[in-house]
Amino acid sequence: MSINEYTYLWTKKDEFVLVNTEYGYGIVNKKEQTVLSISDEELEKQLINKMLEEGNKVYENILDAYADV
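Keep in mind that what you see is a predicted model, and the values were worked out from it rather than measured. (Residues numbered from 1 in each chain as written. Predicted model: local features only at pLDDT ≥ 70, side-chain atom pairs only at ≥ 80, totals over all residues. Heavy atoms only, no water.)

Colleague: Even after reading the chapter, I still don't get helix α2 (residues 41-54), so can you show me in this structure?
Modeller: Along its 14 residues, α2 runs 20 Å from first to last C-alpha, staying within 8% of the 20 Å computed at 1.5 Å per residue. Burial in α2 covers these residues: Leu-43, Leu-47, Ile-48 and Met-51. Along the long axis of α2, the arc covered by the buried residues comes to 135°, so they all point the same way. Of the exposed residues in α2, the ones pointing more than 90 degrees away from its buried face are Glu-41 and Glu-53. Buried residues along α2 sit in contact with α1 (8-11), β1 (16-21) and β2 (24-29). (Helix = DSSP H or I, 4+ residues; strand = E, 2+ residues; numbered from the N terminus. Expected span 1.5 Å × (residues − 1). Buried < 20%, exposed > 50% of the residue type's maximum accessible area, 1.4 Å probe, protein only. Arc of directions from axis to C-beta. Contact = heavy atoms within 4.5 Å.)

Colleague: Teacher, can you tell me more about the pattern of salt bridges here?
Modeller: Once the charged atoms of two side chains with opposite charge are near each other, the side chains can pair. Considering all chains together, one arrives at four salt bridges under this definition. When the shortest N-O distance is used, the salt bridge between Asp-14 and Lys-31 registers 3.2 Å. Highlighted residues: Asp-14 in the loop between α1 and β1 and Lys-31 in the loop between β2 and β3 (34-36), separated in sequence by 17 residues. According to the relative accessible area criterion, Lys-31 is partly exposed, its value standing at 45%. (Salt bridge = Lys/Arg side-chain N within 4 Å of Asp/Glu carboxyl O.)

Colleague: Could you clarify how one ought to interpret the pairing of β1 in this entry?
Modeller: Two faces belong to every sheet, and in a regular strand the side chains alternate between them. Bridge analysis of β1 against β2 gives six bridges, and the strand direction is antiparallel. Bridging from a neighbouring strand, Val-19 pairs with Gly-26 of β2. By the bridge criterion, two bridges tie β1 to strand β4 (residues 58-59) in an arrangement that is parallel. In the strand pairing of β4, Val-19 is matched with Tyr-59. (Pairing = 2+ DSSP bridges.)

So, in structure tokens, the structure goes:
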């Protein structure tokens, strides 16, 4: 898969956010309260970096992300 297939992650910033955990960043849909699972680790790194570059909000706790809808 290509990073271009995931542009919605940074164009829908009110919906898709990052949660910074002790294991690294997780991509979260805070409106639907779901976590996006990417099996390709390199692609996941690229997506997270792009979301950070584009200014997606970062939370320290998933419950804070879910509460901020």
